[in-house]
Amino acid sequence: CHLTGAEAGNLSLVPGKAIANIVGIASSEAPDLVRVVPGKPEESYLLMKLKGTHLQHGGTGAQMPFGAPPLPPEVIAKVHQWIEDGAKP
């Protein structure tokens, strides 16, 4: 998903570009929210979308991954930790 940038959110997550497209970048769905706020997982729209809490924070659209079951808690925990650790490449 999100390989061309033509998908929902106009977001490309191809290797080598993904970090630049999500860290410190406002969400196209919820411009008042940032996709990934380094060191602040609970303020990161990406994590909200993965957990399905995005609507409570002013977001829109479906929980990610769209059209598939939610990610397992241990995978979401890894994303949480990556953001908490500064969202470094």
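All values reported here derive from a predicted model rather than from experimental measurement.

**Student:** Which residues make up helix H3 (residues 73-84), and what values go with them?
**Tutor:** Taking 1.5 Å as the rise per residue, H3 with 12 residues should run 16 Å; its terminal C-alpha atoms sit 16 Å apart, in good agreement. Taken together, the buried positions of H3 are occupied by Ile76, Val79 and Ile83. Axial view of H3: buried residues confined to an arc of 55 degrees, hence all on one face. Turned more than 90 degrees away from the buried face of H3 sit Glu74 and Lys78, all of them exposed. Elements in contact with the buried residues of H3: helix H2 (45-51). Gly86 lies just past H3 and shows a positive phi near 110 degrees.

**Student:** Requested: an account of the nonpolar core, with residues and values cited.
**Tutor:** Among the nonpolar cores identified, the biggest contains 10 residues, and these are Leu11, Ile22, Val36, Leu47, Leu50, Met64, Ile76, Val79, Ile83 and Ala87. Elements with a minimum of two residues in this core: H2 and H3. Examining the composition of this core, we find that three residues originate from one element, H3, more than from any other. Apart from the residues lying within four places of it in its own chain, the contact partners of Val79 are Leu46, Leu47 and Leu50.

**Student:** Please set out the environment of Asn21 residue by residue, giving values where relevant.
**Tutor:** Within the secondary structure, Asn21 is located in helix H1 (residues 18-22). Residue Asn21 is classed as partly exposed on the basis of its relative accessible area of 24%. Placed 10 residues apart in sequence, Asn21 and Leu11 show a C-alpha to C-alpha distance of 7.0 Å.

Rules behind the numbers
- Residues numbered from 1 in each chain as written.
- Predicted model: local features only at pLDDT ≥ 70, side-chain atom pairs only at ≥ 80, totals over all residues.
- Heavy atoms only, no water.
- Helix = DSSP H or I, 4+ residues; strand = E, 2+ residues; numbered from the N terminus.
- Expected span 1.5 Å × (residues − 1).
- Buried < 20%, exposed > 50% of the residue type's maximum accessible area, 1.4 Å probe, protein only.
- Arc of directions from axis to C-beta.
- Contact = heavy atoms within 4.5 Å.
- Core = buried A, V, L, I, M, F, W, Y, C linked by side-chain atoms within 4.5 Å.

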